[in-house]
Amino acid sequence: MAEKITRTVCTTCHARCGVLVHSDENNQITKIEGDPNMPKSQGTLCGAGMSQREIHNNTSNRLLYPMKRVDWDPNGERNPQNRGKSEFERISWDEALDILASECKRLAAEYGPESIITGQGTGRTTNHWHIRLNSSLGMASWGLVPTHVCLMPHIVPFAFTMGQTSGGAGDIFGAKTIVLWGQNPSMERAWAKVVYDKQANDEDFKLIVIDLRFHDMAKHADLAIQPRPGTDGAIALSVIHEIIENGWYDKEWVENWTYGFDALAERVKDMTPEWAAELAWIEPDEIRELARILGTNGPVSMCVGLGPGCMHTNAIQSGRAIACLNGLLGYIDVEGGMQFPQAIDVMLDDKITLWNGIDPSSPDVFTYGGEKHPLYKAFGRSNDPNTVFKAMITGEPRPVKAFIAIANDPLLCYEDANLTYKALTSPNLEFVASKDFYMSPSTKLADLIFPSADWSERCTYDEELDGNMLFTFDQAVEAPGECKDDWWFFLQWGKRIKPEDWPWANEKEMVLWRYKTFYNLDMTWEEFQSEPFRNTDPSMTATGEIERKRYETGGLRPDGKPGFNTPTGRVEFWSDTMAAFGYDPIPDYTEPFESPLSQPELAKEYPLIASTGFRVYSFFHSAWTNIPSQRKLYPDPFALIHPDDAQTYGITDGEWVTISSPRGKIISKALITRETKKGVVCIPRAGWRDECPELGLPGYGWDKANGNILVPSEPSEPGYGATPMRSSLCKIEAGRGDL
């Protein structure tokens, strides 16, 4: 039997590992293995990636064809009261796309283009095309994306501080100290092996883990700190205090390349380890040791995850404190220090987004929640979810009449899921569409359904998360039924709205246009396939050497002048841009809005902290709980509970518990462990929404085990709108109650 081997990239999660897909002449995947020639993953592949074989081969529960709700007539009765109850009928792609385009044109003409909300979940390689589609519809925004809590709140502080439009990740290969701050690479990243190798071969190497959970990497750490959720900013400011007090910084670097040092030093002079330790529920000596290692064992590579600076009501200033700590240490654009990749700049380039220099802060640009969260309007360039969902219900400040979800299950994605459900079932919402792999809880509420192709079934990818590398990919197998790539979907949708914005004939032309436009690589598809990867690092010289300290030569600024891409040209401890958005120009610490300290009366009823969303070895966000090879690792929803808390509340290991907050309640099985901190209940991201018939395991829908039920959508971070997915209050009780 003939076998084909296709080199491509897995997009199941953000690790983006290289894959070799083996397939037979019957279009079945026979084997999935890691690609040893992919420099980022080096042959590593997790179980979630390998389960692509099941996802492709077993189509029994896949969405395979476009479908329309039987009692929804775009030209007649719409029956919104029957969403989630009605049957669906198969229709053609042309009919489905024509309905989609017709609804968009009708609603834009009647209510304005802002009445159409396009939603996506986590990055699935289409961020830029999603933005372009919104531009074609007449909007200068990103629609509805969870960038209020994901990645962008982490990027914004680094952008303000040093002009770095990425998460500030470091060069782990050259580092003497690696800090995993709210990040666990052993869950999904091949470079965890680099850490282990450095520990084995370099006696001077140090690993620091700062995380609420004592996870897999923490047990290997030279220093592992478990802070109270939402206090990362206090720790960073106290470390800055210690570094300044002890002189563990390069005074020449600070003098020549930073701005506002004296103000920063004044701000932190009383932020002692004792001050921060009391807030963070840790020991002062842990902060002293952290500062000593960072200040004396460089270069330092900080790898910061979403928890510290994204999912709290103090997210932006916490991120600023960490960015300023990076700036004070000075390991910037050097071997082993913080790097400046270009991929995100490409993703947001006007040539692909069609934003064409529009000032997102302009009063002429409308976004839902933009007045309430001006920083999110300007830099997130998206709509505030809480404001959108309320507008679906009330029509204020402007009516939302259509919601189109692409690779997104909003009921499992956004905080305060009860509000989301009320919005999606509102009679004021005239049109709901969903494009997905399976019949998710949100898809069940749709009027129109589009089936999606997964990564082995498509020939598209983007380099957003790959730094300066362009990896080779291709379609390994034909998609089942009439499942279609999201790139194709945006292309066909765009052609029906504004064809001049969408000149390409197919997805391959779109891929090659991007490479030619942004990287000056003019190739045929066959030429593209001829190399496993290409390095586009702008710091790479003609001789193949890496140019370091490009701030000295003008390599980090568009105008070619020495310095950083900030208003002062320096690393800005003091930021007038922050001040312009209503923030303190120097990073400061504020207590999370809903915590035992800030809400002592509420904490009498809800005495524990709920930290939702931590990752597990299988699943990705709320996807794949129906896939046997992934579900068998975690058959039931669970929550981590500290032994002391279990004793206090009469909980035994493995029993069902009810976790409640002022927003609602969910059920989970108790996992009694010191992995979590006393006083904190950790709830995984997965939600266990789907049943897995092969294993006889039930699904829990959107309202039984979904951590977002517990999380408030307001109050949120003042300027940006980040919500406390990692730091709100809850209580636990034995048993399932009425769930």
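Preceding this paragraph is the structure being described.
Conventions we followed
Residues numbered from 1 in each chain as written. Predicted model: local features only at pLDDT ≥ 70, side-chain atom pairs only at ≥ 80, totals over all residues. Heavy atoms only, no water. Helix = DSSP H or I, 4+ residues; strand = E, 2+ residues; numbered from the N terminus. Buried < 20%, exposed > 50% of the residue type's maximum accessible area, 1.4 Å probe, protein only. Contact = heavy atoms within 4.5 Å. Pairing = 2+ DSSP bridges. Axes fitted to C-alpha atoms, helices over the stretch in contact; angles between N-to-C directions. Phe/Tyr/Trp six-rings, centres within 6.5 Å; stacked < 30°, edge-to-face > 60°. Lys NZ or Arg CZ within 6 Å of the ring centre and 35° of its normal. Core = buried A, V, L, I, M, F, W, Y, C linked by side-chain atoms within 4.5 Å. Polar contact = N/O pair within 3.5 Å; in protein donor to acceptor, adjacent residues only side chain to side chain. Salt bridge = Lys/Arg side-chain N within 4 Å of Asp/Glu carboxyl O. Expected span 1.5 Å × (residues − 1). Parallel < 35°, antiparallel > 145°, perpendicular 65-115°, else oblique. Left-handed = near helix turned anticlockwise from the far one by under 90°. Nonpolar A, V, L, I, M, F, W, Y, C, P; charged D, E, K, R; others polar. Disulfide = S-S within 2.5 Å.

Asks: Where do I start with the overall build of the chain in this structure?
Replies: A tally of helices and strands in the chain yields 26 helices and 23 strands. Across its three principal axes, the chain shows a C-alpha extent of roughly 70 × 65 × 60 Å. Per-residue burial over the chain gives 63% buried out of 739 residues. Once local pairs closer than 6 in sequence are excluded, the contacts in the chain between residues at least 24 apart make up 72%.

Asks: Mind showing me how you'd approach the sheet that holds strand β12 (residues 402-406) here?
Replies: Sheets are built from strands paired through backbone hydrogen bonds, the pairs being either parallel or antiparallel. Spatially, 6 strands are ordered β5-β4-β14-β13-β12-β6 in an open sheet, and the strand pairing comes out mixed. What marks the edges here is a single partner per strand, and that holds for β5 (88-90) and β6 (116-120). Direction aside, the axes of adjacent strands within the sheet are offset by 20 degrees on average. Where helix α3 (residues 93-111) meets the sheet, its contacts fall on β4 (67-69), β6, β12, β13 (431-436) and β14 (448-451), and the angle it forms with β14 comes to roughly 130 degrees.

Asks: It is not clear to me how the packing of aromatic side chains should be interpreted in this structure. Could you clarify?
Replies: One pass over the full model with this rule turns up 43 aromatic pairs. With 5.2 Å between their ring centres and 40 degrees between their planes, Tyr249 and Phe261 make a pair best called tilted. With a gap of 12 residues between them, Tyr249 in the loop between α7 (232-246) and α8 (251-257) and Phe261 in helix α9 (residues 261-268) connect regions that are remote in the sequence. Across this residue pair, the class does not change: Tyr249 and Phe261 are buried. Judged by centre distance (6.1 Å) and plane angle (90 degrees), the ring pair of Trp253 and Phe564 falls under edge-to-face. In this pair, Trp253 is assigned in helix α8 and Phe564 in the loop between β16 (533-535) and β17 (571-572), connecting sequence segments 311 residues apart. Residue classification places Phe564 among the buried positions, given a relative accessible area of 0%. In textbook terms, an aromatic cluster arises when at least three aromatic residues are bridged by ring pairs, as seen for Trp93, Phe450, Trp488, Phe489, Phe490 and Trp493. Sitting over the ring of Tyr65, Arg90 keeps its end group 3.6 Å from the ring centre. Between Arg736 and the ring centre of Trp656, over which it is positioned, the NZ or CZ distance is 4.6 Å.

Asks: Even after reading the chapter, I still don't get the sheet that holds strand β7 (residues 177-181), so can you show me in this structure?
Replies: Within the open sheet, the 4 strands sit side by side as β9-β8-β7-β11. Their pairing is parallel. In this open sheet, the two edge strands, each paired with only one partner strand, are β9 (223-225) and β11 (300-304). Within the sheet, the average angular offset between the axes of one strand and its neighbour, ignoring direction, is 10 degrees. The sheet contact formed by β7 and β11 spans 5 bridges and is parallel. Paired with Leu180 across the bridge in β11 is Cys303.

Asks: Can you help me understand the nonpolar core in this one?
Replies: A general trend in soluble globular proteins is that nonpolar side chains are found buried together. Membership of the largest hydrophobic core comes to 54 residues, with the highest contact counts inside it found for Trp181, Leu294, Met302 and Phe564. With 8 residues, the single largest contributor to this core is α7. Dropping the residues within four chain positions of it, Trp181 is found in contact with Ile210, Asp232, Ile235, Ala236, Met302, Cys303, Val304, Gly305, Pro308, Ile322 and Leu325. By size, the runner-up hydrophobic cluster in this structure holds 50 residues, among which are Met38, Cys459, Leu470 and Phe473.

Asks: What am I meant to see in the side chain of Asp409 here?
Replies: Mapping Asp409 onto the fold places it in the loop between β12 and α18 (410-413). A polar contact of 2.8 Å, which involves the side chain of Asp409, links it to the side chain of Arg689. Discounting residues that sit within four places of it in the chain, Asp409 has contacts with Ser440, Pro441, Ser442, Ser622 and Arg689.

Asks: Can you walk me through the pattern of salt bridges in this structure?
Replies: Considering all chains together, one arrives at 45 salt bridges under this definition. Between Asp384 and Lys372 there is a salt bridge, with its nearest N and O atoms 3.7 Å apart. Note that Asp384 is positioned in the loop between α16 (374-380) and α17 (385-394) and Lys372 in the loop between α15 (350-353) and α16, a separation of 12 residues in sequence. A salt bridge links Arg514 to Glu463, with the shortest nitrogen-to-oxygen separation between them at 3.1 Å. Of the two residues, Arg514 sits in helix α21 (residues 507-519) while Glu463 sits in the loop between β14 and β15 (469-471), which places them 51 residues apart along the sequence.

Asks: Just checking my understanding: could you explain unusual backbone geometry for this structure?
Replies: Excluding glycine, a negative phi dihedral is what most residues carry, and trans is how most peptide bonds are arranged. Here the amide bond leading from Gly298 into Pro299 is cis, since omega sits at 0 degrees, within 30 degrees of zero. In this fold, Pro299 is placed in the loop between α11 (284-296) and β11. A cis amide bond links Glu396 to the next residue, Pro397, at an omega of 0 degrees. Here Pro397 shows up in the loop between α17 and β12. Here Lys549, not a glycine, exhibits a phi torsion of approximately 50 degrees, which is positive. Turning to its location among the elements, Lys549 is positioned in the loop between β16 and β17. Using a relative accessible area of 36% as the deciding quantity, one classes Lys549 as partly exposed.

Asks: What is the right way to read helix α20 (residues 486-497) from this model?
Replies: Along an α-helix, residues three or four positions apart point the same way, because every turn accommodates 3.6 residues. Along its 12 residues, α20 runs 16 Å from first to last C-alpha, staying within 8% of the 16 Å computed at 1.5 Å per residue. For α20, the tally of buried residues reaches 10 of 12 residues, placing the bulk of the element in the interior. All of the buried residues along α20 are Asp486, Trp487, Trp488, Phe489, Phe490, Leu491, Gln492, Trp493, Gly494 and Ile497. In this structure Asp485 caps α20, since a side-chain oxygen of it lies 3.1 Å from the backbone nitrogen of Trp487.

Asks: Would you mind going over the environment of Gly170 with me for this structure?
Replies: With respect to the helices and strands, Gly170 occurs in the loop between α5 (152-162) and β7. Gly170 sits in the buried class, given a relative accessible area of 17%. With 91 residues separating them along the chain, Gly170 and Asn79 place their C-alpha atoms 53 Å apart.

Asks: Before we go on, may I ask you to explain the packing of α3 against α20 in this structure?
Replies: Helix-helix packing is described using two parameters, namely the angle between the two axes and the distance between the axes. Taken N-terminus to C-terminus, the directions of α3 and α20 make an angle of 55 degrees; their axes are 9 Å apart at the nearest point. On the basis of their axis angle, the class for α3 and α20 is oblique. When the axes of α3 and α20 are compared, the crossing they make is right-handed. Contacts between α3 and α20 involve Trp93, Asp94, Leu97, Asp98, Leu100, Ala101, Cys104 and Lys105 from the former and Trp488, Phe489, Gln492, Trp493, Arg496 and Ile497 from the latter. When its residues are assigned to classes, the contact of α3 with α20 shows 9 nonpolar, 1 polar and 4 charged.

Asks: Teacher, can you tell me more about the environment of Ala402 here?
Replies: Examined against the element boundaries, Ala402 turns out to sit in strand β12. Along the chain, Ala402 and Asp636 lie 234 residues apart, while their C-alpha atoms are 35 Å from each other. When sequence neighbours within four positions are dropped, the list of residues in contact with Ala402 reads Leu107, Ser115, Ile116, Ile117, Leu429 and Phe431.

Asks: In this structure, what is going on with the state of the cysteines? I would like to understand it.
Replies: Working definition of a disulfide: a covalent bond connecting the sulfur atoms of two cysteines. Considering all chains together, one arrives at 0 disulfides under this definition. No disulfide involves Cys10; its sulfur sits 6.3 Å from that of Cys13, the nearest cysteine. With no disulfide partner, Cys682 has as its closest neighbouring cysteine sulfur the one in Cys730, 9.8 Å distant.

Asks: Mind showing me how you'd approach α21 here?
Replies: Under the 1.5 Å per step criterion, the end-to-end length of α21 is 18 Å for 13 residues, consistent within 8% with the ideal 18 Å. By the burial criterion, the buried members of α21 are Glu507, Met510, Val511, Leu512, Arg514, Tyr515, Phe518 and Tyr519. Sitting at the amino-terminal end of α21 is Asn506, which places a side-chain oxygen 3.2 Å from the backbone nitrogen of Lys508. Positive backbone phi, at 55 degrees, marks Asn520, one or two positions downstream of α21.

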